[in-house]
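For reference, the chains in residue letters:
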Amino acid sequence: MDAVVELDCRGMLCPRPIIELAKNLHRVEVGEVISVAADDAAAASDVVAWCRMRQQEYLGVENAEDGVHVYLVRRLS
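Note that the coordinates shown come from a computational prediction; the quantities given were computed from them, not determined experimentally.

Visitor: Requested: an account of helix 2 (residues 43-54), with residues and values cited.
Guide: The end-to-end C-alpha distance of helix 2 is 16 Å, a good match for the 16 Å that twelve residues give at a rise of 1.5 Å each. Where the residues of helix 2 are buried, they touch helix 1 (16-24), strand 2 (33-38), strand 3 (57-63) and strand 4 (69-74). At the C-terminal side of helix 2, glutamine 55 shows a positive phi close to 55°.

Visitor: So what's going on with the environment of valine 61? Which residues, and what values?
Guide: As for its position among the elements, valine 61 is in strand 3. Each C-alpha atom of the pair valine 61 and valine 73 lies 9.3 Å from the other, and the pair is twelve residues apart in sequence. The residues contacting valine 61, other than those within four sequence positions of it, are His69, Val70 and Tyr71.

Visitor: Could you give an account of the layout of surface pockets, with specific residues and numbers?
Guide: Here the largest pocket defines a volume of roughly 200 Å³. Contributing to the lining of the largest pocket are 14 residues, with Glu6, Ser35, Ala37, Ala64 and Val70 lying nearest its centre. Every element with two or more residues in the lining of the largest pocket is listed here: strand 1 (5-8), strand 2, strand 3 and strand 4. Element by element, the count of residues in the lining of the largest pocket is highest for strand 1, at three residues.

Visitor: Explain the sheet that holds strand 2 to me, using residue names and the numbers behind them.
Guide: Sheet strands associate in pairs through backbone hydrogen bonding, adopting either a parallel or an antiparallel arrangement. The strand order across the open sheet built from four strands is 1-2-4-3, with neighbouring strands paired in mixed fashion. Every interior strand has two partners, whereas the edge strands, strand 1 and strand 3, have only one. When strand polarity is set aside, the average angle formed by the axes of neighbouring strands in this sheet is 20°. Of the strands in this sheet, strand 2, strand 3 and strand 4 touch helix 2, which is tilted by about 0° from strand 4.

The rules behind each value
Residues numbered from 1 in each chain as written. Predicted model: local features only at pLDDT ≥ 70, side-chain atom pairs only at ≥ 80, totals over all residues. Heavy atoms only, no water. Helix = DSSP H or I, 4+ residues; strand = E, 2+ residues; numbered from the N terminus. Expected span 1.5 Å × (residues − 1). Contact = heavy atoms within 4.5 Å. 1 Å grid on protein atoms, 1.4 Å probe; cavity = no way out; pocket = protein on both sides within 12 Å on 5 of 7 lines; lining within 4 Å. Points joined across faces, edges and corners; volume = space filled by probe spheres on them. Pairing = 2+ DSSP bridges. Axes fitted to C-alpha atoms, helices over the stretch in contact; angles between N-to-C directions.

Distances and angles like these do not, on their own, reveal function.
Structure follows, in structure tokens:
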């Protein structure tokens with residue numbers, strides 16, 4: 001899935017990837033996708049929890065070419 005905004009959070013420890021996601025969500029329109037590439041293990045549960053708390057849609061995870069997880073979020077509001 002193509003993200004309108006791609007955040008590279010490699011090397012950032014919890015909670016930094018989530019802070020970056022929250023800070024940059026405004027850069028996509030409602031209905032568009034933002035992605036977060038993060039190698040911190042906590043990001044897997046943090047992104048899901050953040051989406052649930054902020055009423056945004058978690059679309060799942062893909063792998064970047066270097067194997068890093070890329071979490072996809074659709075802005076709903």
